[in-house]
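Understanding the architecture of this molecule
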Amino acid sequence: MHKKKRKNFGLLESPVMPPHAAVDTVHYKIFISGKSGVGKTALTARLAGLNFPNVHHETTGIQTTVVYWPAKLIENGRVLFFRLQLWDCGESALRRFDHMLPSCKEQVDAVLFLFSFTDRTSFEDLLNQIPKWTESSHGCLAKVVVGTKFDLFMHCDVAEKDVRKFQETWRLPVLRSGGEVSDGLGDVAPILNCLAENLWHQDCVRAGAAGQHPQQESVTLL
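- Per an unreviewed UniProt entry, the protein chain goes by Ciliogenesis and planar polarity effector 2 and derives from Ataeniobius toweri.
- The heading Sequence similarities (unreviewed entry) in the UniProt record of the protein chain holds the text "Belongs to the small GTPase superfamily. Rab family."
- The Subcellular location (unreviewed entry) field of the UniProt record for the protein chain holds the comment "Cytoplasm, Cytoskeleton, Cilium basal body".

Looking at the overall build of the protein chain
- Scanning the protein chain for helices and strands turns up 7 helices and 6 strands.
- Taken over 222 residues, the protein chain has a buried fraction of 42%.
- Of all intrachain contacts in the protein chain linking residues separated by at least 6 positions in sequence, the fraction that spans at least 24 positions is 74%.
- Carbon and sulfur atoms make up 54% of the accessible area of the protein chain, which totals about 12,700 Å².

Considering the environment of Tyr28
- Looking at the secondary structure, you find Tyr28 in strand E1 (residues 24-33).
- With 54 residues separating them in the primary sequence, Tyr28 and Phe82 have C-alpha atoms 7.5 Å apart.
- At a separation of 2.6 Å, a polar atom in the side chain of Tyr28 contacts the side chain of Asp203.

A look at the pattern of salt bridges
- With the rule as written, the count across this model stands at 6 salt bridges.
- Of the charged contacts in the structure, one is a salt bridge between Asp162 and Arg120, with a shortest N-O distance of 2.6 Å. You can see Asp162 sitting in helix H6 (residues 160-170) and its partner Arg120 sitting in helix H4 (residues 120-124), a full 42 residues away along the chain.
- Given a relative accessible area of 26%, Arg120 falls into the partly exposed group.

Things to note about the side chain of Ser33
- As for its position among the elements, Ser33 is in strand E1.
- For Ser33, the side chain forms a polar contact with the side chain of Gln129, separated by 2.5 Å.

Remarks on the state of the cysteines
- By the definition in use, this model includes 0 disulfides.
- Here Cys104 stays unpaired: no disulfide links it, and the sulfur of Cys89, its closest cysteine neighbor, is 4.7 Å away.
- Of the residues examined, Cys104 reaches a relative accessible area of 0% and is grouped as buried.

Scoring rules and cut-offs
Residues numbered from 1 in each chain as written. Predicted model: local features only at pLDDT ≥ 70, side-chain atom pairs only at ≥ 80, totals over all residues. Heavy atoms only, no water. UniProt positions renumbered as here; feature names shortened; annotations may be inferred. Helix = DSSP H or I, 4+ residues; strand = E, 2+ residues; numbered from the N terminus. Buried < 20%, exposed > 50% of the residue type's maximum accessible area, 1.4 Å probe, protein only. Contact = heavy atoms within 4.5 Å. Areas by Shrake-Rupley, 256 points an atom, 1.4 Å probe, with all protein chains shown as cover. Polar contact = N/O pair within 3.5 Å; in protein donor to acceptor, adjacent residues only side chain to side chain. Salt bridge = Lys/Arg side-chain N within 4 Å of Asp/Glu carboxyl O. Disulfide = S-S within 2.5 Å.

Laid out in structure tokens, this is it:
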């Protein structure tokens, strides 16, 4: 935070802590998947504390945004900075250029699957999206589902019973994000906390399988 607002970092910047409070930074790559118009770019801006785009237009290529998120491990009180590099790619670009999707999948650690509560087809499209990421050459991936435009009740096209049934079937967390209204950190904290928890748990499982504790060196560096 800087003057009660989210601090934005440039490509070569990172949070600076005093020597007595220095913390380790772990790096992760997250791909944002979803149909055109569900709010991938808007959610990315919301997670990063940036201004929302006023007019919707499909992302023409690959757009990356870095978010730093601090978290404290419950088991030992250790504080970490999670450096989350969010990859947003337009649906048309993925279809037109064969190299786009492989670039997004390369060394990816997690996938955010998006659907809009105002678009039933985007929710049904999750059944096509998720299986494509179930088997990956990179191995196990952290997967989180986010329903956008949750605050547009008058235009809601996805019922809560459908969301509950989806969770029971796929065993994936389903989080919610608003449309144009935001209450700052209170809106993004559940999503970023869920991402951080799933990513760290994934690293612990991998490290346990390898017979060692997860260290910063074992994390994929971008």
